[in-house]
Amino acid sequence: MPADLPRRRRRPDVGSRGRITLVILAFALFVLLTSLRGIAGFYTDLLWFDSLGFRGVFTGVLGAKITLAVIFSLAFFVLLWLNLLIADRLAPRFRPAGPEEEVIERYHELIGNRTGLVRLAIALVFGFIAGVGQAGQWHDWILFRNGQDFGTVDEQFKMDVGFYVFKLPFLTSVVGWLFASLIIILLVTAVAHYVNGGIRVQGAAQRVTPQVKAHLSVLLGMLAAVRAVSYYLQRYELNFSTRGAVDGATYTDVKAQLPALNLLIFISGVAVVLFIVNIWRRGWVLPVLAVGLWAFVALVVGGIYPAFVQRVRVTPAESSKERPYIVRNIEATREALGLEDVESTPFAANGDLSAADLEANSVTVRNIRLWDPSTIQKAYQQLQEVRRNYRFNDVDVDRYEIDGETTQVLVSPRELDQGDLPQSSWEASHLTYTNGHGIVAAASNAKDNNGRPIFISQDVPMVSDAPALEVDQPAIYVGENLDGYVIVNSNRPEFAYQDENETVFTSYEGEDGIGIGSILRRAAFALRFGDVNPLISGNIRPSSKILIVRDVRERVELVAPFLHFDSDPYVVAIDGRLQYVVDAYTTTSRYPYAQRVNTDDQRAGSGLDHRFNYVRNSVKAVVDAYDGSVTLYVVDDSDPLIRAYRQAFPDMFTDDDEIPEALEEHFRYPEDLFRAQTSMWGRYHIEDPDDFYNGADQWDVALEPGTGDAGGTATTAVGASAPRAQRMEPYYLQMRLPGEEKEEFLILRPFAPVARGNEGRQLMTAFMVAKSDPGEYGKLETFVMPRGNLPDGPGIVAATMSSDPAVSELETLLGIAGGGSDIIFGNLILVPIEQSLLFVRPVYVESESTRIPELERVIVSFQGEVALESTLQAGLAKLFGDAPETLEEEGPTGGEEPSDELTVEELLAQAAAAFDEAQAALDEGDLGTYQEKVDEARGYINQARELTGGNDTPSSTTTTTEPAD
């Protein structure tokens, strides 16, 4: 018989095994090649963090991700593997015949005796997928492990705020993950029972064996238990409800939603019992009853009932029902946003200001900002660019000691323009042109007799007239808007600057940079940037370094990925070096009862342009412009979030007592934080809950006075229309506040009453300031106008300026004779002096040929009176009889002395002729004659203005500059 014959031993198919081996090797090689760039990125990132001394951050975050992935993958693997093992153990010995048996039989023939291997593979695959997804919770995990107490308990559940910020988010995530995992395990286990014959969909035989029923009942009971825990945690989530008049648990949440959740917890517990009892009963009546009861309660009690309470009980009497919860919201919001200690000071807003008062506040007057950052940036670019490979990305307002006086200064670094190099070769882009050079600075109140900035620091090589702004190391390797990489200490000399007689080169000597001398590292960076040149270039030598992540914002965001950063880094000159300061914030949306912040007026790219209801400016990040070193100074150690991060990364931060005194003197209260606080203070300065609910005395940030003229609609840039509802930007001032003994550097923003629509002509209710000087840093103060006699706000003042005959005639005259120039109305600056409000608005002229803005006139307004003069001092003197000296030089008059024999029309005709001669001189390249004729034309216009009793400024087109810095 064939069965009695010995079996033939099949020889292994060598060719088949070889093909399988080749396929495996090819697949492995494909995976390796496609992963090489990712591997190179990981390796070079590690090198970069190591070069900055922040290796602990890289490994700490990576370790948190790996830990979570391993824990959750292992947990899911164990749960699924055990349930599959139980399913195999509970498989019936004999599977009843049925329509499904053929398919099931084929499956068993396919896997044979490899059931354990299949079980292991399925558990591994599902476990990996489920675990890797949880790696994204690394931030919540770090906070969970390093949580701190806030020392404040919420009013509803009497839990420390730290529970909500540090514990609850991760616990909620874990419970949600566990519930989803159990559902997947239940489904996979049911499929395993099906293929094992324990479950039959078709046929007259028993569809579920008792053992399988018991197994599935236990899993369903576990699901119900996890759901009960989820409902328990949802009770605490009510503190972040947005259902009521304010954020937080309000009347309906406390009186209806909370009892509903407690009932659902009880129902879930009953369901657990019913699922377990179902093990010993026939059928599925009890589980169906449990699920049906849960669904009914969840729909009616958890959904319909709270909606009914909100509509029937709360809406008709919302103010009284919500009153205690509004009180909770006001207190929590003030605490969470750092507004609990705002000092409120009455401000008379009277007309008692005199020339003697101006003299007593001469430092304030001398520091009234006449140059808008966006306008002077164009002047810097045209007058100080020097070479095409430089650019000025931003102008920052700061203060320095100039000639023994603290002076408000506009500073801008001369950074490398990678997109406009003299050469476009790889060597030029990555080896030769590697750095910017120095800074340009001018006093915010100064202009020369041509209306241009008076530079304190300027030129290449950089020279400075003020010791405070002198820089020993002007090279800028790390700055704003820099991307890509450069290689230093190569065989190609690095361009420093072009002197009068020769090209000067430099060599990088900073600590930052990654050695790129080895072939391995060169290959890694070639893969990272998709550029083979770092690998094959013969100009790279063993001592060469590569500098990457050269943008300031990107650098600090990578170093501290859990912090949020201000949109405006600013450069500081201290101890002969240039340092960028970037304000860093800790935020959370988990502060109980605190209101979510309105972020509508945050700048693009702001780190505060996201949902949050708690914020602290706890860290000042300082980046050296030369060597790129990063130091994170903790300036608010009372913040529990920063204490948690310090515990997680103990070597990352530096104490505030190590901040150099020269650096601390240049700290500014951050703009983005002040925007957030002022946007909320307009409502949260109200303490009475009834007034709060009714909106009585509610403020809003004053609207930005317009474009096109002194009081039109708002814009965001020169000549570009924008939404009319844009609010005034905060701006920095060096001034003495009413009641103070000395001048301070502060940031200011005015308020107006809340009004419907976008009307821009409003009265002023208050203005808020935040102080920046050491010892006073961070103090907030609101100056409140007399309620019965509110003064004109910025919108009204701007409109008054625009309608003033001198300003109107100015535009008319120049429209006739100006030709080829634009008139630009600058930012309206509010300057409180003593108990009075002074408004100042600069007027610039920009020639279409040179595009150099010049400060030609200053509009001064006080108590409805308007003066338009060539200098601020002259404008103040016209209104008050006398004024302190400013840093402005009088402009040229040109032309002839006023003559009664010439009419206004004749003077304008001569001005037009002079403008024509100026244009002809410009066409011939004779800049000297061009300037002479322009000055002469302006002189004729001045004479015409004197004959009509007014003043002037040349222009044909009217625009308005960007909001103030």
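On a predicted model such as this, the values are computed, not experimentally measured, just so you know.

Caption draft 1: View of the overall build of the chain. Counting its secondary structure elements, the chain contains 27 helices and 33 strands. For the chain, buried positions account for 54% of its 965 residues. Here the analysis covers contacts within the chain between residues at least 6 apart in sequence; of these, 70% occur between residues at least 24 apart. Entry remark: accessible area of the chain is about 41500 Å², with carbon and sulfur atoms responsible for 53%.

Caption draft 2: Local environment of the packing of helix α8 (residues 251-277) against helix α9 (residues 285-314). Where α8 contacts α9, the two axes come as close as 9 Å, and the packing angle between them is 175°. Between α8 and α9, the interaxial angle falls into the category roughly antiparallel. Here the residues of the contact of α8 with α9 sort into 23 nonpolar, five polar and two charged.

Caption draft 3: Focus on the pattern of salt bridges. Tallied over the full model, the rule gives 44 salt bridges. Residue arginine 646 is joined to aspartate 655 by a salt bridge in which the shortest nitrogen-to-oxygen separation is 2.6 Å. With relative accessibility at 32%, the residue aspartate 655 sits in the partly exposed group. Measuring nitrogen to oxygen at the nearest pair gives 3.5 Å for the salt bridge that ties glutamate 671 to arginine 668. Taken as a pair, glutamate 671 and arginine 668 share a single burial class, namely buried.

Caption draft 4: Quick look at a nonpolar patch on the surface. A grouping of Ile122, Val125, Phe126, Phe128, Ile129, Val132 and Ile184 is seen on the molecular surface, where their side chains present a nonpolar patch of about 610 Å² in accessible area. At six residues, helix α4 (residues 115-134) tops the list of elements feeding residues into the nonpolar patch.

Caption draft 5: Expanded view of the sheet that holds strand β11 (residues 486-488). One open sheet accounts for three strands, arranged β11-β15-β14; its pairing is antiparallel. Of all the strands in the sheet, just β11 and β14 (514-515) have a single pairing partner and so form its edges. Relative to strand β15 (residues 545-547), β11 runs antiparallel, the two being bridged by three bridges. Along β15, the bridge assignment pairs isoleucine 487 with isoleucine 546.

Caption draft 6: Region of interest: the packing of α4 against helix α6 (residues 161-196). Across the interface, α4 lies against α6 with an axial gap of 12 Å and an inter-helix angle of 160°. By the angle class used here, α4 and α6 are roughly antiparallel. α4 and α6 meet at a crossing whose hand is right-handed. Of the residues in α6, those in contact with Ile122, Phe126, Ala130 and Gln134 of α4 are Ser173, Trp177, Ile184 and Val188. Residue composition of the contact of α4 with α6, by class: six nonpolar, two polar and no charged.

Caption draft 7: A look at α8. The end-to-end C-alpha separation of α8 is 39 Å, in line with the 39 Å expected for 27 residues at 1.5 Å each. At glutamine 257, α8 is deflected by roughly 35°, the largest bend along its length, and proline proline 259 occurs up to four residues later in sequence.

Caption draft 8: Expanded view of the pairing of strand β25 (residues 744-753). Burial within β25 is extensive, with nine of its 10 residues counted as buried. Sheet topology places strand β21 (residues 699-701) next to β25; three bridges connect them, and they run antiparallel. Paired with valine 701 across the two strands is phenylalanine 751, which belongs to β25. Relative to β25, strand β24 (residues 731-735) runs antiparallel, the two sharing five bridges. Each residue of the ladder has a partner; that of tyrosine 731, found in β25, is leucine 748. Here β25 pairs with strand β26 (residues 766-771) via six bridges, running antiparallel. Residue pairing in the sheet places phenylalanine 751 in a bridge with alanine 766 of β26.

Caption draft 9: Region of the structure containing the environment of valine 409. Among the secondary structure elements, valine 409 is positioned in strand β4 (residues 405-413). A sequence separation of 36 residues divides valine 409 from asparagine 445, and the C-alpha atoms of the two residues are 8.4 Å apart. If we ignore the near neighbours within four places in the chain, the residues touching valine 409 are Asp396, Val397, Asp398, Arg399, Tyr400, Ile402, Ala441, Ala442, Ala443, Ser444 and Ile456.

Caption draft 10: Focus on the packing of aromatic side chains. Applying the stated rule across the entire model yields 37 aromatic pairs. Look at phenylalanine 144 and phenylalanine 170: their rings are 5.0 Å apart centre to centre, the planes differ by 40°, and that puts the pair in the tilted class. Separated by 26 residues along the polypeptide, phenylalanine 144 in helix α5 (residues 138-145) and phenylalanine 170 in helix α6 bring together distant segments of the chain. A relative accessible area of 23% places phenylalanine 144 in the partly exposed class. With a relative accessible area of 6%, phenylalanine 170 lands in the buried category. Plain terms: the ring middles of phenylalanine 562 and phenylalanine 649 are 5.3 Å apart, the flat faces sit at 10° to each other, and that makes the pair stacked. One end of the pair, phenylalanine 562, is in the loop between α18 (552-559) and β16 (564-565); the other, phenylalanine 649, is in the loop between α19 (640-648) and α20 (661-664), and 87 residues separate them in sequence. When its relative accessible area of 4% is taken as the criterion, phenylalanine 562 is described as buried. You can call phenylalanine 649 buried: its relative accessible area is 5%.

Caption draft 11: Broad picture of helix α11 (residues 323-336). Its 14 residues place the ends of α11 20 Å apart at the C-alpha level, agreeing with the 20 Å of an ideal helix rising 1.5 Å per residue. In this fold, the buried residues of α11 make contact with α8, α10 (318-321), β19 (614-624), α21 (671-684) and α22 (689-694). Residue glycine 338 follows α11 closely and has a positive phi angle near 70°.

Caption draft 12: Representation of the sheet that holds strand β7 (residues 439-443) in the model. If you walk across this open sheet you meet the five strands as β3-β4-β7-β8-β9, and the pairing is antiparallel. Bordering the open sheet on either side are β3 (396-402) and β9 (463-464), each of which pairs with just one other strand. For β7 and strand β8 (residues 455-458), the ladder comprises two bridges, and the chain directions are antiparallel. Each bridged residue has a counterpart across the sheet, and for alanine 441 the counterpart in β8 is serine 457. In this fold helix α14 (residues 373-384) packs onto β3, β4, β7 and β8, with an angle of close to 125° to the strand it touches most, β7.

Caption draft 13: Up close: a negative patch on the surface. Residues Glu401, Asp656, Asp657, Glu658, Glu661, Glu664 and Glu665 make up a contiguous surface patch of negative charge. One can find glutamate 658 in the loop between α19 and α20.

Caption draft 14: Just the nonpolar core, in detail. By size, the foremost hydrophobic cluster in this structure holds 132 residues, and its most contacted members are Phe54, Leu469, Phe562, Leu563, Leu632, Met652 and Phe653. Broken down by element, this core gets its largest block of residues, 14 residues, from α6. Sequence-distant contacts of phenylalanine 653, that is, excluding residues within four places in its chain, are made with Phe562, Leu563, Val619, Leu632, Val634, Ile642, Tyr645 and Arg646. Val784, Ile824, Leu830 and Ile833 belong to the second largest nonpolar core, which has 95 residues in total.

Caption draft 15: Highlighting the confidence of the model for the chain. With 87% of its residues at a pLDDT of at least 70, the chain reaches an overall mean of 87. pLDDT under 50 marks residues 707-724. Its contacts with residues more than four places away, or in other chains, come to 56 contacts. Low pLDDT, under 50, characterises residues 893-899; the predicted model gives this stretch 18 contacts beyond four residues in sequence or across chains.

Caption draft 16: Molecular detail of unusual backbone geometry. Cis geometry marks the peptide bond from valine 460 to proline 461, where omega comes out at 0°. For proline 461, the position within the fold is in the loop between β8 and β9. With phi around 70°, aspartate 459 is a residue other than glycine that occupies positive phi space. The topology assignment puts aspartate 459 in the loop between β8 and β9.

Caption draft 17: Region of the structure containing the environment of alanine 909. Here alanine 909 is to be found in helix α26 (residues 904-923). Taking the C-alpha atoms as reference, alanine 909 lies 8.9 Å from tyrosine 940; in sequence the two are 31 residues apart.

Caption draft 18: Focus on the pairing of strand β30 (residues 836-847). Along β30, 12 of the 12 residues are buried, which leaves the element largely enclosed by surrounding structure. Residues Ser836, Leu838, Val840, Pro842, Tyr844 and Glu846 line one face of β30 and the alternating positions Leu837, Phe839, Arg841, Val843, Val845 and Ser847 line the opposite face, and both faces are buried. Inspection of the sheet shows strand β28 (residues 821-825) paired to β30 by five bridges, in the antiparallel sense. Following the sheet pairing, serine 821 is matched in β30 by serine 847. Direction of pairing for strand β29 (residues 829-833) relative to β30: antiparallel, over a ladder of five bridges.

Parameters and conventions
Each chain carries its own residue numbering, running from 1 in the written order of its sequence. It should be noted that, the model being predicted, local features are given only for residues of pLDDT at least 70 and side-chain atom pairs only at 80 or more, the latter also being counted only at that level, while totals for whole chains, interfaces and linings use all residues. The side-chain quantities take in all heavy atoms of the structure and omit both hydrogens and water. By the criteria applied, helices consist of DSSP H or I runs no shorter than four residues and strands consist of E runs no shorter than two, each listed in order from the N terminus. Burial here depends on accessible area, computed with a 1.4 Å probe over protein chains only, as a share of the maximum for the residue type. Under 20% is buried, over 50% is exposed, and the range in between is partly exposed. By definition in these notes, contact holds between two residues if any of their heavy atoms fall within 4.5 Å. Shrake-Rupley sampling with a 1.4 Å probe provides the accessible areas, and residues are treated as covered by the protein chains on show and by no other component. Inter-axis angles, ranging from 0 to 180 degrees, are taken between N-to-C directions of lines fitted to C-alpha atoms, where helices are fitted over the stretch in contact. Roughly parallel here means an angle under 35 degrees, roughly antiparallel means over 145, roughly perpendicular means 65 to 115, and every remaining angle is called oblique. Gly counts as polar in this scheme, as do all residues outside two lists: the nonpolar Ala, Val, Leu, Ile, Met, Phe, Trp, Tyr, Cys and Pro, and the charged Asp, Glu, Lys and Arg. The term salt bridge refers to a pairing of a side-chain nitrogen on Lys or Arg with a carboxyl oxygen on Asp or Glu at a separation within 4 Å. Note that patches include only residues with greater than 30% relative accessible area and no salt bridge, and the join distances are 9 Å for like charges and 5 Å for nonpolar side chains (Val, Leu, Ile, Met, Phe, Trp, Tyr). Paired strands, as defined in this entry, are two strands with at least two bridges between them according to DSSP. Take the far helix as your reference; a near helix turned counterclockwise from it by less than a right angle gives a left-handed crossing, and one turned clockwise gives a right-handed crossing. Given the number of residues in a helix, its expected span is that number minus one, multiplied by 1.5 Å. The angle separating two fitted axes, one through the seven residues that finish at a residue and one through the seven that start at it, defines the bend at that residue. Aromatic pairing here means that ring centres of Phe, Tyr or Trp (its six-membered ring) are within 6.5 Å. Orientation follows from the plane angle: under 30 degrees is stacked, over 60 is edge-to-face, and everything else is tilted. Charge assignment in this entry is limited to Lys and Arg as positive and Asp and Glu as negative, and neither His nor the chain termini are counted. By convention, the point assigned to a charge is CZ for Arg, NZ for Lys, CD for Glu and CG for Asp. Remark: nonpolar core denotes a set of buried residues (Ala, Val, Leu, Ile, Met, Phe, Trp, Tyr, Cys) joined through side-chain atoms within 4.5 Å. The quantity called pLDDT is the predictor's confidence in a given residue, expressed from 0 to 100.

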